[in-house]
Amino acid sequence: MNTVIVDYNAGNIQSLCYALDRLGVSYLLSHEPDVISAAERVFIPGVGAAASAMENLQERGLDLLIPQLKQPVLGICLGMQLLCGSSEEGNTSCLGIIPQPVLKFPEMPGVKVPHMGWNTVQSCILDTENESWMYFVHSYYVPVCEYTAAQAVHGIPFSAMVRKKNFWGMQFHPEKSGTPGTVLIEKFLQS
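Definitions and cut-offs
Residues numbered from 1 in each chain as written. Predicted model: local features only at pLDDT ≥ 70, side-chain atom pairs only at ≥ 80, totals over all residues. Heavy atoms only, no water. Helix = DSSP H or I, 4+ residues; strand = E, 2+ residues; numbered from the N terminus. Rg over C-alpha atoms; globule rule 2.2 N^0.38 Å. Contact = heavy atoms within 4.5 Å. Polar contact = N/O pair within 3.5 Å; in protein donor to acceptor, adjacent residues only side chain to side chain. Phe/Tyr/Trp six-rings, centres within 6.5 Å; stacked < 30°, edge-to-face > 60°. Buried < 20%, exposed > 50% of the residue type's maximum accessible area, 1.4 Å probe, protein only. Pairing = 2+ DSSP bridges. Core = buried A, V, L, I, M, F, W, Y, C linked by side-chain atoms within 4.5 Å. Axes fitted to C-alpha atoms, helices over the stretch in contact; angles between N-to-C directions. Disulfide = S-S within 2.5 Å. Arc of directions from axis to C-beta.

(A) A look at the overall build of the protein chain. Along its length, the protein chain carries six helices and 13 strands. Taking 191 residues into account, the globule formula puts the C-alpha radius of gyration at 16 Å, and the protein chain, at 15 Å, falls close to it. Overall, the C-alpha framework of the protein chain stretches about 50 × 35 × 30 Å when taken along its three principal axes. Taking contacts inside the protein chain between residues at least 6 apart in sequence as the whole, the part at least 24 apart equals 66%.

(B) Up close: the side chain of glutamine 171. By secondary structure assignment, the location of glutamine 171 is in the loop between strand 13 (167-170) and helix 6 (178-190). There is a polar contact of 3.0 Å between the side chain of glutamine 171 and the side chain of glutamine 81. For glutamine 171, the contacting residues outside a window of four places in its chain are Cys77, Met80, Gln81, Phe136, His138, Tyr140, Phe158, Ser159 and Ala160.

(C) Region of interest: the packing of aromatic side chains. The tally for this structure, following the rule as stated, stands at seven aromatic pairs. Among the aromatic residues, those joined into a ring-pair cluster are Phe105, Phe136, Tyr141, Phe158 and Phe172.

(D) Focus on the pairing of strand 3 (residues 41-44). Burial along strand 3 is two-sided: the face carrying Arg41 and Phe43 and the face carrying Val42 and Ile44 are both buried. Note: strand 3 against strand 4 (residues 73-76), three bridges, orientation parallel. Looking at the pairing, isoleucine 44 lines up with glycine 75 of strand 4.

(E) The arrangement of the nonpolar core in detail. Among the nonpolar cores identified, the biggest contains 33 residues, and Tyr8, Leu57, Ile66 and Leu82 are the most heavily contacted of them. Looking at which element gives the most residues to this core, the answer is helix 3 (residues 50-59), with four residues. Aside from chain neighbours lying at most four places away, what touches isoleucine 66 is Ile44, Leu57, Leu95, Ile97 and Phe167.

(F) The arrangement of the sheet that holds strand 11 (residues 148-154) in detail. If you trace the seven strands from one edge of the open sheet to the other, you get 2-1-3-4-13-12-11, paired in mixed fashion. The two strands at the open ends of the sheet, each matched to only one other strand, are strand 2 (27-30) and strand 11. Averaged over all neighbouring strand pairs, the angle between strand axes comes to 20 degrees, with direction disregarded. Of the pairings in the sheet, the one linking strand 1 (residues 3-6) to strand 2 comprises four bridges and is parallel in character. Looking across to strand 2, one finds that valine 6 is bridged to serine 30. Strand contacts of helix 6: strand 1, strand 3, strand 4, strand 12 (156-164) and strand 13, with the helix running at about 140 degrees to strand 3, the strand carrying the most contacts.

(G) Looking closely at the state of the cysteines. Under the counting rule described, the total for this entry stands at zero disulfides. Unpaired in terms of disulfides, cysteine 17 finds its nearest cysteine sulfur in cysteine 77, a separation of 16 Å. Its relative accessible area of 4% is what places cysteine 17 among the buried residues.

(H) Fine view of helix 3. If you check which residues of helix 3 are buried, you get Ala50, Ala53, Met54, Asn56 and Leu57. All buried residues of helix 3 project into a common sector of 155 degrees when viewed along the axis, lining one side. Among the structural elements, strand 1, helix 4 (62-65), helix 5 (78-82), strand 5 (84-87) and strand 6 (92-93) are those in contact with the buried residues of helix 3. A positive backbone phi angle near 75 degrees is found at glycine 61, which sits one or two residues after helix 3.

(I) Region of interest: the sheet that holds strand 7 (residues 98-104). Taken together, four strands build an open sheet; the order of strands is 6-5-7-10 and the sheet is mixed. The strands lining the two open edges of the sheet, one partner per strand, are strand 6 and strand 10 (140-141). Here strand 5 pairs with strand 6 via two bridges, running antiparallel. Within the sheet, the bridge partner assigned to serine 87 lies in strand 6 and is threonine 92.

Written as structure tokens, this is what we have:
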């Protein structure tokens with residue numbers, strides 16, 4: 001299987017590499033447009049700031065390439081947010097695949113920002129009616145919308161997963177979420 005992890009100087013790439021290694025999945029780490037275009041599956045991981053992430057994608061021409069990809073693409077955490085139209089973080093224009101804004105969590109009594117740690121996700125995509133625990137680290141969120149595939153609550157409901165055609169997004173880190181996260185990575189690899 002030709003799987004590529006997009007290397008655009010974002011954090012947290014290593015944990016995804018370890019997860020794919022555990023699954024026995026061979027992959028390439030690349031920022032080369034030709035390599036990414038030829039992949040059967042593409043991961044866009046990331047922890048960091050939206051503005052610098054988009055600058056790194058733009059420097060490599062990946063901001064133009066990624067929206068045109070036809071194979072399954074999975075954005076994780078910041079990678080999911082980059083699939084959206086814009087982010088309040090640095091007033092950043094993103095890839096525009098999911099036509100939704102990324103918003104900063106509002107200040108609310110008893111709700112800490114960043115949202116960091118384990119939270120339940122209504123996991124319809126896992127073919128179960130139960131909630132699954134997933135690991136989150138984020139200060140910005142995608143509102144619940146027509147592209148929401150699963151949601152969670154941190155003071156307010158938000159999109160834990162989005163999906164539009166061949167583009168998947170997971171706000172949580174499936175590679176750090178135990179068995180349910182591994183199941184989701186496998187579902188993506190089989191899509």
